[in-house]
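Inside the fold
Below are the chains, spelled out letter by letter.
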Amino acid sequence: MRKTLILASLMMLTAISALALTPWKKGGFETGKYRNVFVDMGYKPADVDAKLKEVFNDVFRGPNKVYFEVGDTLGYVSDIKNHDARTEGMSYGMMIAVQMGEKDIFDRLWRWSKKYMQHQDGPRKGYFAWSCKTDGTRNAEGAASDGELYYVTSLLFASNRWGNDTGINYKAEAQYILDCIQPKEYTPEPRPGFGGFGPQQTGPQKMYLIDPETKLITFTPDGFGQRFTDPSYHLPAFYEVWAKYADDGRSALWQECADKSREFLHKAINEQTGLNADNCQYDGSEMQMPRFPGMQQRPQGAPRRMGNNNFRYDSWRVPMNIALDYEWSCADREWQQRYGETIQNFFYSQGVDKFVDQYRVDGSLPEGDEILQAGGFRKLRHSIGLVATVAAASVMCSHDKSKEFVDALWNAKHVPFDDGYFDAYYDGLLRLFAFMHLSGNYRVITPK
């Protein structure tokens, strides 16, 4: 009898293990279903729900929150350490709010974005100033292209979830942005060259969020930033949402953008490490960025290390973004599964509880001024934001290591480092996104 019970227990554990390490073969667009990786790996459903709520409250309601309400109708998400509100955080906040059913938070963030960030006229009409002070004063006029990407997708989801007759016509707002990001001519204002990198362009130019030739998203939709892209801005599944729900007459274009974005990621990611540079040419090759005043000069004969283009803060998002495309579309399943295991293998080789948050693309460690500072510190850390996104890649993986990354995220404490550094904003948002992914709560929201 005892042997029978032991055998049955072993068989049950084997079955659970197999379930935990079996990625799905179809995405949410097709099935309407989403995998709860935490539960597959043995966590109790009630504990997962409670943990997700706890992490959400950390970001939006706790003592270290980054969301703040203004009056009866407005709210903003702040990058606390930089004392500003960014289209990145505002649009992330909207996506999280619509996924979690928090309509009041969503509407407040959208109203603040529209009031203070969105250009209502001029050559940038429809675009959003990427950074504002928390009183709404703009720190910059130009846009960062990923903000527009999230704004449009979250607005379409809001339209599908809540309709368009509750005070905000979400679909009309999304369609307006999509109309405004089409290529248009403008004359840029005079300004100094970009770090001495090449001559400044003069005369009439085209402004566009999506490069017309390659169909890839720009780093910024004007001037120098249109010459290259950021791998962490590539979210092909978002374009599929636009193709399905925007009703703007451009479905074929958005589907092509999704396909081209997937092709780009194949080229931009190192096959051995799974790492990518922060910025790339449209052909996927590493963007050779300028060296700015104050950066150390390399000794004569030393290998060239472009210090501002390693795998680091922006790059952290790539494994999570690819996981999203896998969960929603599964259109690139075989490559994505290989990628997920490649990047987890690299970080596993560095130590699941020890890997740092910046690397050269070949996996070697950056040195000196190659290390990008944050919050006044220039230091390599085991950052919870990267812990989160590497764990999110587990949804694509079938190797045993993936559970170790999931457990590491579950057990990680989002608290200040010993030297006082603490990032409630970026680390906090990526941590929340990862818990949404791994609990099956980051979904395609279809029309009700």
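Here the structure is a predicted model, which means the values were calculated and not measured.

Rules used in this analysis
- Residues numbered from 1 in each chain as written.
- Predicted model: local features only at pLDDT ≥ 70, side-chain atom pairs only at ≥ 80, totals over all residues.
- Heavy atoms only, no water.
- Helix = DSSP H or I, 4+ residues; strand = E, 2+ residues; numbered from the N terminus.
- Buried < 20%, exposed > 50% of the residue type's maximum accessible area, 1.4 Å probe, protein only.
- Contact = heavy atoms within 4.5 Å.
- Areas by Shrake-Rupley, 256 points an atom, 1.4 Å probe, with all protein chains shown as cover.
- Expected span 1.5 Å × (residues − 1).
- Pairing = 2+ DSSP bridges.
- Phe/Tyr/Trp six-rings, centres within 6.5 Å; stacked < 30°, edge-to-face > 60°.
- Lys NZ or Arg CZ within 6 Å of the ring centre and 35° of its normal.
- Core = buried A, V, L, I, M, F, W, Y, C linked by side-chain atoms within 4.5 Å.
- Axes fitted to C-alpha atoms, helices over the stretch in contact; angles between N-to-C directions.
- Parallel < 35°, antiparallel > 145°, perpendicular 65-115°, else oblique.
- Left-handed = near helix turned anticlockwise from the far one by under 90°.
- Nonpolar A, V, L, I, M, F, W, Y, C, P; charged D, E, K, R; others polar.
- pLDDT = per-residue confidence, 0-100.
- Salt bridge = Lys/Arg side-chain N within 4 Å of Asp/Glu carboxyl O.

Secondary structure assignment for the chain yields 15 helices and 6 strands. When the 448 residues of the chain are sorted by exposure, 56% land in the buried category. Taking the contacts inside the chain whose residues are at least 6 apart along the sequence as the reference set, 67% of them involve residues at least 24 apart. About 19200 Å² of surface is accessible on the chain, with carbon and sulfur atoms providing 51% of the total.

In an α-helix there are 3.6 residues to a turn, and that puts residues three or four apart on one side. Over its 18 residues, helix α12 (residues 333-350) extends 26 Å from the first C-alpha to the last, a length consistent with the 26 Å expected when each residue adds 1.5 Å. All buried positions along α12 are accounted for by Trp335, Gln336, Tyr339, Gly340, Thr342, Ile343, Gln344, Phe346 and Phe347. Contact partners of the buried residues in α12: α10 (251-268), α11 (317-328), α13 (384-392) and α14 (401-411). Following α12 by one or two positions, Gly351 has its phi on the positive side, about 100°.

Right, let's talk about the sheet that holds strand β2 (residues 74-79) for a bit. What the 4 strands build is an open sheet, ordered β1-β2-β3-β4; its pairing is antiparallel. Looking at the sheet topology across the chains shown, the edges are occupied by β1 (67-70) and β4 (131-132). The sheet contact formed by β1 and β2 spans 4 bridges and is antiparallel. Directly across from Val70, in β2, lies its bridge partner Leu74.

In the Ramachandran plot, His83 falls in the positive-phi region, its phi being about 60° despite a non-glycine side chain. Here His83 is to be found in the loop between β2 and β3 (84-86). Of the residues examined, His83 reaches a relative accessible area of 62% and is grouped as exposed.

Time to look at the packing of aromatic side chains. The final tally for this structure, using the stated rule, is 41 aromatic pairs. Aromatic side chains Phe68 and Tyr76 sit 5.6 Å apart centroid to centroid with 35° between the ring planes, which places their arrangement in the tilted category. Both rings, one in Phe219 and one in Tyr233, keep their centres 5.9 Å apart while their planes meet at 5°; by these two values the pair is stacked. Of this pair, Phe219 sits in the loop between β6 (205-207) and α9 (236-245) while Tyr233 sits in the loop between β6 and α9, and the two are 14 residues apart along the sequence. Sitting over the ring of Phe377, Arg381 keeps its end group 5.1 Å from the ring centre. Above the plane of the ring of Phe417 lies Arg381, whose end atom (NZ or CZ) is 4.8 Å from the centre.

The next thing to look at is the environment of Gly274. Along the chain, Gly274 turns up in the loop between α10 and α11. When near neighbours in sequence (up to four residues on either side) are disregarded, Gly274 contacts Ile269, Tyr339, Thr342 and Ile343.

What follows covers the nonpolar core. The biggest cluster of nonpolar side chains holds 129 residues, and the ones touching the most others in it are Trp242, Trp328 and Phe347. Discounting chain neighbours no more than four positions away, the residues touching Trp242 are Leu149, Val152, Thr153, Leu156, Leu178, Ile181, Asp247 and Trp254.

Look at helix α5 (residues 87-100) against helix α15 (residues 426-438): their axes get within 11 Å of each other, and the N-to-C directions meet at 30°. As far as their axial angle goes, α15 and α5 are roughly parallel. Our pair here, α5 against α15, has a crossing hand that is left-handed. Listed contacts from α15 to Glu88, Gly89, Tyr92, Met95, Ile96 and Gln99 of α5 are Tyr426, Leu429, Leu432, Phe433 and Met436. Of the residues in the contact of α5 with α15, the class split is 8 nonpolar, 2 polar and 1 charged.

With that settled, consider the confidence of the model for the chain. The pLDDT averaged across the chain works out to 91; a share of 88% of its residues lies at or above 70. When the criterion is pLDDT under 50, residues 8-16 qualifies, and its contacts beyond four places in sequence or with other chains add up to 1 contact.

Summed over the entire model, instances satisfying the criterion amount to 28 salt bridges. As a salt-bridge pair, Glu102 and Arg61 come within 3.2 Å of each other at their nearest N and O atoms. With Glu102 in the loop between α5 and α6 (103-117) and Arg61 in the loop between α4 (45-60) and β1, this pair connects stretches of sequence that are 41 residues apart. Accessibility expressed as a relative area gives 48% for Arg61, which makes it partly exposed. Bridged by salt links that share partners, the residues Asp79, Lys81, Asp84, Arg86 and Asp423 form one connected network.

Assignment of secondary structure puts Ser154 in helix α7 (residues 145-162). Setting aside its immediate chain neighbours within four residues, Ser154 contacts Met94, Met95, Val98 and Phe106.

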